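So the chains spell out like this:
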Amino acid sequence: MQGAIYAADGDGLALAASYASTAPPQRLALGEGLLGQCALGREPRIVGAGGAGTAWSIRSGLGSVAPGALLLAPVQLRGRLLGAVELAVLQAPDAATYEQFLSALDLLAIYMTE
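Just so you know, these numbers come straight off a predicted model, no measurement behind them.

K.L.:
Can you walk me through the overall build of the protein in this structure?
P.N.:
Within the protein one finds three helices and eight strands. For the protein, the succession of helices and strands along the chain, N to C, is β-β-β-α-β-α-β-β-β-β-α. Taken over the C-alpha trace, the protein has a radius of gyration of 13 Å; the compact-globule value for 114 residues is 13 Å, and the two agree within 12%. Taken along its principal axes, the extent of the C-alpha atoms in the protein is 40 × 30 × 25 Å. The 114 residues of the protein split such that 37% are buried. Sequence-distant contacts, at least 24 apart, represent 45% of the contacts inside the protein between residues at least 6 apart. For the protein, the exposed surface amounts to about 6,500 Å²; the carbon and sulfur share of it is 56%. Within the protein, one finds 6 positive and 9 negative side-chain charges whose respective centroids are separated by 5 Å.

K.L.:
Got a minute to help me understand the sheet that holds strand 1 (residues 2-9) in this structure?
P.N.:
The pairing of strands in a sheet comes from backbone hydrogen bonds and takes either a parallel or an antiparallel form. Judged by pairing direction, the sheet is antiparallel, and its six strands sit side by side in the order 3-2-1-8-7-4 without closing on themselves. Edge positions in the sheet fall to strand 3 (27-29) and strand 4 (45-48), since each of these pairs with one other strand and no more. Strand-to-strand, the axes of this sheet are offset by a mean angle of 25°, without reference to chain direction. Relative to strand 8 (residues 80-89), strand 7 (residues 69-77) runs antiparallel, the two sharing nine bridges. Note on strand 8: the bridge partner recorded for Leu72 is Glu86. Where helix 1 (residues 33-41) meets the sheet, it contacts strand 1, strand 2 (12-19), strand 3, strand 4, strand 7 and strand 8, and its direction lies at approximately 35° from that of strand 7. Its contacts with the sheet put helix 3 (residues 95-113) on strand 1, strand 4, strand 7 and strand 8, and the angle it makes with strand 7 is roughly 40°.

Rules used throughout
- Residues numbered from 1 in each chain as written.
- Predicted model: local features only at pLDDT ≥ 70, side-chain atom pairs only at ≥ 80, totals over all residues.
- Heavy atoms only, no water.
- Helix = DSSP H or I, 4+ residues; strand = E, 2+ residues; numbered from the N terminus.
- Rg over C-alpha atoms; globule rule 2.2 N^0.38 Å.
- Buried < 20%, exposed > 50% of the residue type's maximum accessible area, 1.4 Å probe, protein only.
- Contact = heavy atoms within 4.5 Å.
- Areas by Shrake-Rupley, 256 points an atom, 1.4 Å probe, with all protein chains shown as cover.
- Lys, Arg positive; Asp, Glu negative; His and termini not counted.
- Charge placed at Lys NZ, Arg CZ, Asp CG, Glu CD.
- Pairing = 2+ DSSP bridges.
- Axes fitted to C-alpha atoms, helices over the stretch in contact; angles between N-to-C directions.

Written out as C-alpha cells, the structure is:
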C-alpha cells in the first residue's frame, strides 16, 4: 500500500503526509487529477485496476507492482473540506474494508481540525 494525505489550503490541496510514496506532488488544485476532482466533488471513489496502474507503482525492496485499485476520498467535517486521501492498494477492497476506510476518514477529520 502507498498513500498520500493532502490538507485543504486556500483553493487547493497541500501535501500533509505520505506513506511509501516517492515524490508525490506538493500541491494540487481543486479539480486537478483524480484526487483534486474527488475533493472538488466531495465524493469518495474507487478507481479500478484499468485506471489505477499508470500513475502509481507500489514498490518494496523486492520489486514493484501496479496497484489493483486507488481509494480516493475527501476529508470533511460538518460539510467543510479539510483535505483528501489517496491510497494505492494491491486489490480492490471488499465492502467491509471500504466501509472501514470511510470510517477512518471521520477520525482523520477530527485530527485535522486540532
